[in-house]
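# Breakdown of the fold
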Amino acid sequence: MSVQKRSIPVVIVGGGQAGLCASYYLTKSKIEHVVLERSQRFHSWKNDRWDSFCLVTPNWQCRMPDWHYNGDDPNGYMVKDEIIDYLEGFANSFKPPIHEGSIVEKVDRNKDGKFFVKTAESEWIADSVILATGSYDLQNKPEYARNLNSDIVQISSKSYKRPSDIPDGVCLVIGTGQSGVQMMEDLWIAGRDVRLCVGTAPRSPRIYRGRDATDWLFEIGEYSKTIGEQPNPKLTESKTNHYLSGRDGGHEIDLRDFALKGLKLYGSVCNMNENLIRFKKDLNENLDRADESYLRICKMIDDYIDTKNLDVPKKPHFEKKWSPKEETEFLNTKEENITSILWCTGFKTDYSWLEIDCLDSTGRPIHQRGVSNEQGLYFLGLNWLHTWGSGRFLSVAEDAEFLVKNIKENLSSSENTTSCYQSA
């Protein structure tokens, strides 16, 4: 099979919401480009989410370019199929030049300083490249997971779709980010025997003093604060999302309440060996930290209400409903009938195909609001690329518009320079 070779001003790698936001603004600016998507557009929404998945932020925060949510439930939380319909509607509104099933094998510079983007079927020479592949490529899974008895089924959060996927017996969910607590709840509601290893993820109120907490935070201005305005930007970038749910109209998740109802909680997993799982004795500490985060958000809202002298429901009483009397340090999987592990320990990016020196020692892109230290190379759709909403429907369009404006200026500058040389 012959390899197609073509020069083009811009190549976008990734056909999710970030990549197609960039495509929208490039199309609007009449800048020729191509979107290379390794699977199909919005693949992760269609294939990497579980059946009962729904947004944890209200629908009104869905703000694709010129395609804001306009349904009849702005304060609700779209379920999986509704999210896909919303995104497909956006894509169909402008027909992006997307090549699906086009796996990028290499991004590098050629001898002329242009970008070289290679797939199995094509080679592209571009002035600019936007990397919009997201932050969820490789599961964060400890090496010691290999030491566990092979009879125990280990499942990635990307692979989980429904409770019937889980073998009979006890399922141990590891991780309490948004996916972990929601998958635990999915199994719990189905009447499955599930247990939870509690990590360091923070939690958030859902409805607080009459409104969704995210509505308050948006009004206060928390979501417009940039990464540079955070006290510790590096720490902020690495933080796990607050856990709460949009299921059945939305609710907060208090793990202490689940414990009262019979859910067995453990601290962070620190080792595995054959039939033995070892935990840190940090369950109480992690529950306290989650509550501290919850209360910080509440105080932020309370202070804003007091400053504005708003007439809203009174501050509710906070109660620590449950605390562990003792903490489990070891579990024997055979004795406890643990037949499966559901890993909800987050993901990391995979830039193994990127042969340009633009990553720091941790593998995270070096950039300023997506503008790389390498001229013409951009990143988009990462968590905290610029603000809290950068990796979400809320603000990804703003970041895409910013990058396309930068590309447009660079292309214009390049054309002017070329014109000057030709005149000379």
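Refer to the structure presented above.
Residues numbered from 1 in each chain as written. Predicted model: local features only at pLDDT ≥ 70, side-chain atom pairs only at ≥ 80, totals over all residues. Heavy atoms only, no water.

### Things to note about the overall build of the chain
Counting its secondary structure elements, the chain contains 10 helices and 23 strands. For the chain, the C-alpha radius of gyration of 23 Å lies close to 22 Å, the compact-globule estimate for 424 residues. Judged by the C-alpha coordinates and their principal axes, the chain covers about 80 × 60 × 40 Å. Intrachain contacts of the chain at a sequence separation of at least 6 include 70% that bridge at least 24 residues. (Helix = DSSP H or I, 4+ residues; strand = E, 2+ residues; numbered from the N terminus. Rg over C-alpha atoms; globule rule 2.2 N^0.38 Å. Contact = heavy atoms within 4.5 Å.)

### Overview of the pattern of salt bridges
All chains considered together, the criterion is met by 36 salt bridges. The partner of Lys-106 in a salt bridge is Glu-355, with the nearest N and O atoms 3.9 Å apart. Of this pair, Lys-106 sits in strand β6 (residues 104–109) while Glu-355 sits in the loop between β20 (347–348) and β21 (367–368), and the two are 249 residues apart along the sequence. Notably, a salt bridge pairs Lys-315 with Asp-302, separated by 3.9 Å at the nearest N-O pair. Residue Lys-315 is located in the loop between α8 (283–308) and β18 (330–332), and its partner Asp-302 is located in helix α8; the two are separated by 13 residues in the primary sequence. Residue classification places Asp-302 among the buried residues on the basis of a relative accessible area of 7%. Taken together, the shared-partner salt bridges in this structure form one network comprising Arg-203, Glu-252, Asp-254, Arg-256, Asp-288, Asp-291 and Lys-320. (Salt bridge = Lys/Arg side-chain N within 4 Å of Asp/Glu carboxyl O. Buried < 20%, exposed > 50% of the residue type's maximum accessible area, 1.4 Å probe, protein only.)

### What about helix α5 (residues 213–220)?
The set of residues buried in α5 consists of Ala-213, Thr-214, Asp-215, Trp-216 and Leu-217. Buried residues in α5 make contact with β13 (207–208), β14 (211–212) and α8. Looking one or two places after α5, you find Gly-221, whose phi comes out positive at around 105 degrees.

### Considering the side chain of Ser-135
As for its placement among the helices and strands, Ser-135 is situated in the loop between β8 (122–131) and β9 (138–139). Excluding its chain neighbours within four sequence positions, the residues that come into contact with Ser-135 are Phe-347, Lys-348, Thr-349, Leu-382 and Asn-383.

### Section: the side chain of Arg-364
Among the secondary structure elements, Arg-364 is positioned in the loop between β20 and β21. Apart from residues no more than four positions distant in its own chain, Arg-364 is found in contact with Glu-237, Cys-358, Leu-359, Leu-382, Asn-383 and Trp-384.

### Here we look at the sheet that holds strand β11 (residues 170–174)
With parallel pairing, the five strands of this open sheet are ordered in space as β10-β19-β11-β12-β15. The open sheet has two edge strands with one neighbour each: β10 (153–156) and β15 (264–266). Going from strand to strand, the sheet's axes swing by 25 degrees on average, the running direction of each strand aside. Bridge count for β10 against strand β19 (residues 338–343) is four bridges, and the pairing is parallel. Across the sheet, residue Val-153 finds its bridge partner in β19, namely Ser-340. (Pairing = 2+ DSSP bridges. Axes fitted to C-alpha atoms, helices over the stretch in contact; angles between N-to-C directions.)

### Some thoughts on the packing of aromatic side chains
Across all of its chains, the model carries 17 aromatic pairs by this definition. Ring centres of Tyr-24 and Tyr-25 lie 5.3 Å apart, and the angle between their planes is 85 degrees; this geometry places the pair in the edge-to-face category. Both residues of the pair, Tyr-24 and Tyr-25, count as buried. Between Tyr-24 and Phe-94 the ring centres are 5.4 Å apart and the planes differ by 85 degrees, which places this aromatic pair in the edge-to-face class. With a gap of 70 residues between them, Tyr-24 in helix α1 (residues 17–28) and Phe-94 in the loop between α3 (80–92) and β5 (98–100) connect regions that are remote in the sequence. (Phe/Tyr/Trp six-rings, centres within 6.5 Å; stacked < 30°, edge-to-face > 60°.)

### What to know about empty space enclosed by the protein
For the coordinates displayed, the defined rule picks out one cavity of 30 Å³ or more. Roughly 40 Å³ of volume is contained in the largest cavity. For the largest cavity, the full set of lining residues is Trp-50, Ser-52, Phe-53, Cys-54, Gln-182, Glu-185, Ser-245 and Arg-247. Taken together, the residues of the lining of the largest cavity sort by class into three nonpolar, three polar and two charged. (1 Å grid on protein atoms, 1.4 Å probe; cavity = no way out; pocket = protein on both sides within 12 Å on 5 of 7 lines; lining within 4 Å. Points joined across faces, edges and corners; volume = space filled by probe spheres on them. Nonpolar A, V, L, I, M, F, W, Y, C, P; charged D, E, K, R; others polar.)

### Brief notes about the nonpolar core
Among the nonpolar cores identified, the biggest contains 88 residues, and Val-11 and Leu-255 are the most heavily contacted of them. Beyond its immediate chain neighbours, meaning those up to four positions away, Leu-255 contacts Thr-176, Val-181, Met-184, Leu-196, Val-198, Tyr-243, Leu-265 and Leu-287. Counting residues in hydrophobic clusters, the runner-up holds 17 residues, among them Leu-148, Ile-152, Ile-341 and Trp-343. (Core = buried A, V, L, I, M, F, W, Y, C linked by side-chain atoms within 4.5 Å.)

### Looking at unusual backbone geometry
Residue Phe-42 is not a glycine yet carries a positive backbone phi of 60 degrees. Its place among the elements puts Phe-42 in the loop between β2 (33–37) and α2 (43–47). Of the residues examined, Phe-42 reaches a relative accessible area of 1% and is grouped as buried. Phi is positive for Asp-248, close to 50 degrees, though the residue is something other than glycine. Counting through the fold element by element, Asp-248 comes out in the loop between α6 (233–238) and α7 (255–260). Judged by its relative accessible area of 72%, Asp-248 falls in the exposed class.

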